[in-house]
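# Inside the fold
Spelled out, the chains give:
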Amino acid sequence: MRDPARGEAPLVSIRDAHKRFGDVEVLKGVSLEVAKGEAICIIGPSGSGKSTLLRCINALVPLDAGTITVSGIEVTDPKLDKIVLRRRVGMVFQQYNLFPHRTALQNVMMAPVHVLRQDRREVEQRARELLRKVRLEGKEGAYPGELSGGQQQRVAIARSLCMQPEVMLFDEVTAALDPETVKEVLVTIRELAEEGMTCLLVTHEMGFAREVADHVYFTDRGVIVEHAPPAELFSAPRDPRTREFLGRIL
Amino acid sequence: MRPRPLPSGTDLPVLLPAADRLARRAAEERRLALPRVTLDARWGAAILVTVLLSAAAAQAQSAPGQESVLATIWKWTPLVGQGFLLNIAISVVAMTCGTLLGVLLGLAQISLLAPVRAGSWFLTQFFRNAPWLVLLFYCIFMLPYRVTIAGEVIEIPNWLRATLGLTLPVMANVSEIVRGAVQSLAKGQWEAAESLAFSRGQTLRMVILPQCLKRMLPPWMNLYAILIMSTPLASIVGVEEAMTLARGALNAERRGDLLIPVYGLLLLAFFVYCYPIARATRWLERRAQVRI
């Protein structure tokens, strides 16, 4: 376990993020920092702004106010080159969002070949290795429609990893899965975190958060209510809202 | 509480109002879409029976010594058949040009630039809602009969101007088909491609449009069936297609009793041409589970 307060510049830094959709203020001043190699989990009730926060980090959603820096890139800079940012930030979605007209291997290879313009053979070798790593050897030629939810999600993880990002964002990646396939996806993510990949996870899997996260943030109605190492947050929550949420869910 | 699932397939709460709106709009579009050509084999049989019965009746009434009905019809068939080939040519050219222009116009409708979006929307709505015959008249009478390019005088034949007149509504309808197909795709595909650092153009070309092809094919084929059945409109402005030639043949024969069999045969020709297209469209629709 690493200490985020050891003086090194954080890899991801969010300061006073504000976002509103019409009349709904989704983020009301959120700040958090993630050090390189750290895995953090964001938990909280639905609609508390967790997914929006993740989407702000890779500029899928623009912030109204506040600043976000990822690996030295100012995300909130109006002149931001989104392509440069997104090469460094991988994202995995709740609905997998694989490209249904491409095979598993093609899904993994597409972005490095067409966006990074890397050598096709080199990319293919890396893609096959990644599919092996997420335990999908033999499924290279399968179309997403032929794979189970858990398998699709692992292809999606391999697809993001093939861009060799510095940070991975996971947006409730197990929420749409059958209970029996949740585990296989979580095992993959845990291995990733243990290898030192910087991970930001939005999750409803409290057991997993407790096990994998270096730090857990609890959000409610657009603010971070409290954050602490998992052992502390789960066993001795300070804020009544955290207590109520954990009481309901655990 | 988990939000209820929507056809748009989003689960991001903040997107739900937009998703609702898009789903409603898609339903509305289906309602307002072009009529669907559904041809039944029994109709073809009914047309054939009508032709045969009316021909037999005409034969029974004909004066002794007159040319037989069958021989008369046979005599004119090559000419009317040639006219029908012109109908096919007009429809193919109009469809090709209309599709090329329509795809561009449809992509302009989803442009990130508001003026481009507004302009292409206006063009699409204008040509989609104008009566086809009015557009045809405009093109026939407003376009020049000949153009001079580098001292060379080029005549623009009537049929080519009529083709242009039919190209405009095809373009507008293809534009709507493209826009509808792109917007019916789950937002997650855009998000996934964007998060993988694809540019907008790459996303469209490699992720969105390939998936849209399957959705666009049935309404596109339906549009073609409607187009070929609209080509006889060109006879009103004097293009020598099948309808004009059939009328000419009837005038030359001066036999009122041939009216039903001759026009019936023309109807049968259109049916035979359109029926496989309509069948294929329905089959594709069923297979893709996508309705127009």
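Residues numbered from 1 in each chain as written. Chains lettered and ligands numbered in written order. Predicted model: local features only at pLDDT ≥ 70, side-chain atom pairs only at ≥ 80, totals over all residues. Heavy atoms only, no water.

## What about the overall build of chain B?
Just so we agree on the cut-off: Only DSSP runs of H or I with at least four residues qualify as helices, and only runs of E with at least two residues qualify as strands; both kinds are numbered from the N terminus onward. Relative accessibility thresholds used throughout: buried, under 20% of the residue-type maximum; exposed, over 50%; partly exposed, between the two (1.4 Å probe, protein chains only). Working rule for contacts: check all heavy atoms of both residues, and any pair within 4.5 Å makes them a contact. Note on areas: these come from Shrake-Rupley sampling with a 1.4 Å probe, and a residue is covered only by the protein chains present in the view.
Within chain B, the secondary structure is distributed over 10 helices and two strands. Reading the secondary structure of chain B in the N-to-C direction produces α-α-α-α-α-β-β-α-α-α-α-α. Buried positions account for 44% of the 292 residues belonging to chain B. Taking as baseline every contact in chain B between residues at least 6 positions apart, the subset at least 24 positions apart corresponds to 75%. Surface summary for chain B: the accessible area is close to 15600 Å², and the carbon and sulfur share equals 68%.

## Some points on the pattern of salt bridges
Opposite charge on two side chains allows them to pair when their charged atoms are near. Residue and element names in this part refer to chain A. The line we're drawing: Whenever a carboxyl oxygen of Asp or Glu lies within 4 Å of a side-chain nitrogen of Lys or Arg, that contact is scored as a salt bridge.
Considering all chains together, one arrives at 24 salt bridges over all chains under this definition. In this structure, the salt-bridge partner of D64 is K19, at a minimum N-O distance of 3.6 Å. Of the two residues, D64 is situated in the loop between α1 (50-57) and β4 (65-70) and K19 in strand β1 (residues 12-21); the sequence distance between them amounts to 45 residues. Relative accessible area serves as the criterion here: at 47%, D64 is assigned to the partly exposed category. We classify K19 as buried; its relative accessible area is 8%. Salt bridges sharing common partners tie together D220, R221, D239 and R241.

## Description of helix α7 (residues 187-195) of chain B
Extensive coverage of α7 of chain B is indicated by the burial of seven of its nine residues. By the burial criterion, the buried members of α7 of chain B are G188, Q189, W190, E191, A192, A193 and S195 of chain B. Buried residues along α7 of chain B sit in contact with α1, α2 (82-88), β6 (89-92) and α5 (149-161) of chain A together with α6 (158-184) and α8 (200-230) of chain B. Trailing α7 of chain B by a residue or two, A197 of chain B shows a phi angle of about 75°, which is positive.

## Regarding the packing of aromatic side chains
All names here are of chain B. Under the convention used in this document: The criterion for an aromatic pair is that two Phe, Tyr or Trp rings (for Trp, the six-membered ring) have centres within 6.5 Å, with stacked assigned to planes under 30 degrees apart, edge-to-face to planes over 60 apart and tilted to the rest. The rule is short: NZ of Lys or CZ of Arg within 6 Å of the ring centre and within 35 degrees of the ring normal puts a charge over the ring.
Enumeration over the complete set of coordinates arrives at nine aromatic pairs over all chains. A ring pair is formed by F84 and Y273, whose centres lie 6.1 Å apart and whose planes are at 90°; its orientation type is edge-to-face. Taken as a pair, F84 in helix α3 (residues 69-109) and Y273 in helix α10 (residues 259-288) lie far apart in primary sequence, 189 residues in all. What makes F84 buried here is its relative accessible area of 12%. Taking 5.1 Å as the distance between ring centres and 85° as the angle between the ring planes, the aromatic pair formed by F126 and F127 counts as edge-to-face. Among the residues examined, F126 registers a relative accessible area of 45% and is labelled partly exposed. A relative accessible area of 13% places F127 in the buried class. One aromatic cluster in this structure is built from F84, Y224, F270 and Y273. Across the ring face of Y145, the terminal group of R161 is positioned such that the distance to the ring centre comes to 4.0 Å.

## Section: the interface of chain A and chain B
The line we're drawing: Summed over both partners, buried area is the accessible surface (1.4 Å probe) that two parts give up on being assembled. Think of a polar contact as two N or O atoms within 3.5 Å of one another; within protein, one of them needs to be a possible hydrogen donor and the other a possible acceptor, and neighboring residues in sequence only count if both atoms come from side chains. In this count, Pro and Cys sit with the nonpolar residues alongside Ala, Val, Leu, Ile, Met, Phe, Trp and Tyr, while Asp, Glu, Lys and Arg are called charged and the others, Gly among them, polar.
Facing the 32 residues of chain A at the interface are 23 residues of chain B. Buried area between chain A and chain B, summed over both chains or domains, comes out near 2200 Å², and the portion from carbon and sulfur atoms is 62%. Counting across the chain A and chain B interface gives two salt bridges. Of the charged contacts in the structure, one is a salt bridge between E191 of chain B and R55 of chain A, with a shortest N-O distance of 2.8 Å. Our count for the chain A to chain B interface comes out at five residue pairs in polar contact (both at pLDDT 80 or more). Residues belonging to the side of chain A that touches chain B are distributed by class as follows: 14 nonpolar, 12 polar and six charged.

## Section: the side chain of T188 of chain A
Residue and element names in this part refer to chain A. Topologically, T188 is positioned in helix α6 (residues 179-194). Under the relative-accessibility criterion, T188 is labelled buried at 4%. Those residues within four positions of T188 in sequence are excluded, and the remaining contacts are V134, R135, R154 and I157.

## Some thoughts on the nonpolar core
The cut-off we apply is this: Only buried Ala, Val, Leu, Ile, Met, Phe, Trp, Tyr and Cys residues count toward a nonpolar core, and they belong to the same one when joined by side-chain atoms within 4.5 Å.
The biggest cluster of nonpolar side chains holds 102 residues, and the ones touching the most others in it are L32, V70 and L200 of chain A together with F198 of chain B. Broken down by element, the residue count for this core peaks at 13 residues, all from α8 of chain B. Excluding its chain neighbours within four sequence positions, the residues that come into contact with V70 of chain A are L11, V12, I57, V75, L85, V89 and V167 of chain A. Counting 51 residues, the second largest nonpolar core, distinct from the first, contains V108, L130, I157 and V225 of chain A.

## Regarding the sheet that holds strand β5 (residues 73-74) of chain A
Strand pairing in a sheet is mediated by backbone hydrogen bonds. Such pairs are either parallel or antiparallel. Residue and element names in this part refer to chain A. Test applied: Here, a strand pair is defined by DSSP locating no fewer than two bridges between the strands.
The antiparallel open sheet is built from four strands, whose spatial order is β2-β1-β4-β5. The sheet is open, and its two borders are formed by β2 (24-34) and β5, each paired with just one other strand. Bridge count for β4 against β5 is two bridges, and the pairing is antiparallel. Within the sheet, the bridge partner assigned to V70 lies in β5 and is I73.

## A short note on the pairing of strand β3 (residues 39-43) of chain A
Residue and element names in this part refer to chain A. Burial of β3 is extensive: five of the five residues sit out of reach of the surface. Residue alternation in β3 divides its side chains into two sets, A39, C41 and I43 and I40 and I42, and both sets are buried. With four bridges connecting them, β3 and strand β8 (residues 198-202) associate as parallel partners. In the strand pairing of β8, A39 is matched with C199. Bridge analysis of β3 against strand β9 (residues 215-220) gives four bridges, and the strand direction is parallel. Residue pairing for β9: I42 is matched across the bridge by Y217.

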